[in-house]
Amino acid sequence: GEMHRVLKRGGRAVIGLPGPAAPMFETLADSMGRHIEPAAKGFVQRVFSLYAPDALEALLKEAGFKQVDVRSTSHDLSLPAPREFLWQYIGSTPLAGVMQGVGGAARQALEAEVVEAWNASASGDGMALEQPMVYVTASK
């Protein structure tokens, strides 16, 4: 609704959403919930929760958009090594604020658990990820 409100008449919204979560992000979510706090697990899960084409189309039409087009695809991503990517991801999301007050033992437990799981996807200096994506365009 807010996107529709601020868009000028004839304007177009373009939205890119990731989802569903790859197993590596499910691992991160579970570890965040176990070692940091349940709300952190919920954040990771919500990032990947809005991807169903029918639901997206309905949301945009309910908000008043016209000519809604929803397309699903996937992208092959090259990611840094597990430890580096873990802290890059956390540092680039609201999880960075959550982690500010977290002590060393919890940080170490999170890192050890996630890096161990992600090492199965690692090769050379990084990891590969096939990330499903949904792209939506709609007009006001």
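As a reminder, the structure under discussion sits directly above these lines.
The following paragraphs examine the structure supplied in this document. (Residues numbered from 1 in each chain as written. Predicted model: local features only at pLDDT ≥ 70, side-chain atom pairs only at ≥ 80, totals over all residues. Heavy atoms only, no water.)

Things to note about the nonpolar core
Counting residues in each nonpolar core, the largest one holds 23 residues, and the members touching the most others are Met24, Phe25, Leu28, Met32, Phe85 and Trp118. With five residues, the single largest contributor to this core is helix α2 (residues 23-35). Ignoring anything within four residues of it in the chain, the contact list for Phe25 reads Val44, Phe48, Phe85, Tyr89, Leu129 and Gln131. Grouped together as the second largest cluster of nonpolar side chains are eleven residues, Leu7, Ile15, Leu17 and Leu56 included. (Core = buried A, V, L, I, M, F, W, Y, C linked by side-chain atoms within 4.5 Å. Buried < 20%, exposed > 50% of the residue type's maximum accessible area, 1.4 Å probe, protein only. Helix = DSSP H or I, 4+ residues; strand = E, 2+ residues; numbered from the N terminus. Contact = heavy atoms within 4.5 Å.)

Let's talk about the packing of helix α5 (residues 82-91) against helix α7 (residues 104-118)
Closest axis-to-axis distance for the α5/α7 pair is 9 Å, and the angle between their directions is 125 degrees. Taken together, the axes of α5 and α7 are oblique relative to one another. The two elements α5 and α7 meet at a crossing, and its hand is right-handed. Of the residues in α7, those touching α5 at Pro82, Arg83, Phe85, Leu86, Trp87 and Ile90 are Arg107, Leu110, Glu111, Val114, Val115 and Trp118. Split by residue class, the contact of α5 with α7 holds nine nonpolar, no polar and three charged. (Axes fitted to C-alpha atoms, helices over the stretch in contact; angles between N-to-C directions. Parallel < 35°, antiparallel > 145°, perpendicular 65-115°, else oblique. Left-handed = near helix turned anticlockwise from the far one by under 90°. Nonpolar A, V, L, I, M, F, W, Y, C, P; charged D, E, K, R; others polar.)

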